[in-house]
Amino acid sequence: MAAVVSSEAALVLLLVIGFVAPSTASVFFSSLHQTLVVTASPTTGQVLNAGVDQIKVSWSLNESLAAGTDSAYKKVKLVLCYAPVSQTDRRWRKTYDELKKDKTCQFKIASVAYGGGDAVGSYEYTVERDIPTATYFVRAYALDADGTQVAYGQTTDAKKTTNLFEVAGISGRHASLDIAAACFSAFSVAALFFFFYVGKRKQT
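All figures in this text were calculated on a predicted structure; none of them were measured in a lab. (Residues numbered from 1 in each chain as written. Predicted model: local features only at pLDDT ≥ 70, side-chain atom pairs only at ≥ 80, totals over all residues. Heavy atoms only, no water.)

As for the nonpolar core
A general tendency of soluble globular proteins is for nonpolar side chains to be buried together.
Alright, step 1. In terms of nonpolar packing, the biggest core is built from 29 residues, with Ile55, Trp59, Leu80, Val127, Ile131, Tyr136 and Phe165 touching the most fellow members.
Alright, step 2. Considering every element that reaches this core, the biggest residue donor is strand S8 (residues 134-143), with five residues.
Alright, step 3. In contact with Tyr136, other than residues within four places in its own chain, are Leu80, Cys81, Tyr82, Ala83, Phe107, Ile131, Asn163, Leu164, Phe165 and Val167.
Alright, step 4. If you look at the next biggest cluster of nonpolar residues, it comprises 12 residues, including Val27, Ala83, Leu99 and Tyr141. (Core = buried A, V, L, I, M, F, W, Y, C linked by side-chain atoms within 4.5 Å. Buried < 20%, exposed > 50% of the residue type's maximum accessible area, 1.4 Å probe, protein only. Helix = DSSP H or I, 4+ residues; strand = E, 2+ residues; numbered from the N terminus. Contact = heavy atoms within 4.5 Å.)

In structure tokens:
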């Protein structure tokens, strides 16, 4: 009887694994084809201010590809990615081939429906206030019905050295705070001289 129960339990476990495994399967960047042509509005070397400036991203299917290449594409996920120059000696920005571990593209811009065919998609994004100072490019992932990455495109070349732009992050200090600090310092100095003068007069 115990052997029968054990066999049934094993069968159930195998079925569960069979259903779960496909949804948890890892996706590797090296396995994706670059089928999307992606452009972004910043020019090479342009500096954008976090919380202020905008990026217009456009994407479309590479015209040289056969019809139906994008039949599985349902959405496009746009992400802001660190360029190699801003990853050096920063393990928390390290590039991994396995996308679940990859730290290159940490900032989501948007996830929008894929137009398909000859359609050109576009999205305008205001650089978030928490984006740190660094050099960036934009990448677009084509997602299937399960939300899995099946293809990509990016605004830079394979080595990630062209068409890069900068973001100047918010330091956390504001001009009003600097002015207030300067005024307080000036007041402190004036008060020091005043009390010194009063003390001298009392001594005389």
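Structure shown, so let's carry the discussion forward.
Section: unusual backbone geometry
Alright, step 1. Phi angles above zero are rare outside glycine, and Asp89 is one such case at about 60 degrees.
Alright, step 2. Asp89 sits in the exposed class, given a relative accessible area of 74%.
Alright, step 3. Unusually for a residue other than glycine, Asn163 sits at a positive phi of about 55 degrees.
Alright, step 4. Of note, Asn163 is situated in the loop between strand S9 (149-154) and strand S10 (165-168).
Alright, step 5. Residue Asn163 is classed as partly exposed on the basis of its relative accessible area of 44%.

Observations concerning the confidence of the model for the protein chain
Alright, step 1. Looking at the protein chain, the pLDDT average stands at 84 and 72% of residues meet or exceed 70.
Alright, step 2. In the predicted structure, residues 11-23 sits below a pLDDT of 50 and forms one contact with residues beyond four places in sequence or in another chain.
Alright, step 3. The low-confidence segment residues 173-178, where pLDDT is below 50, has three contacts with residues more than four positions distant or belonging to other chains. (pLDDT = per-residue confidence, 0-100.)

Re the pairing of strand S4 (residues 54-61)
Alright, step 1. Taken across its eight residues, S4 has six buried, putting it largely inside the fold.
Alright, step 2. Where strand S2 (residues 36-40) meets S4, five bridges bridge the pair, whose relative direction is antiparallel. What sits directly across from Ala40, in S4, is Val57.
Alright, step 3. Direction of pairing for S4 relative to strand S7 (residues 121-126): antiparallel, over a ladder of six bridges. Paired with Lys56 across the strands is Glu124, a residue of S7. (Pairing = 2+ DSSP bridges.)

Observations concerning the sheet that holds S2
Alright, step 1. Read from one edge to the other, the open sheet built from three strands follows the order S2-S4-S7, with strand pairing classed as antiparallel. Unpaired on one side and paired on the other, S2 and S7 mark the two borders of the sheet. When the angles between neighbouring strand axes are averaged without regard to direction, this sheet yields 20 degrees. (Axes fitted to C-alpha atoms, helices over the stretch in contact; angles between N-to-C directions.)

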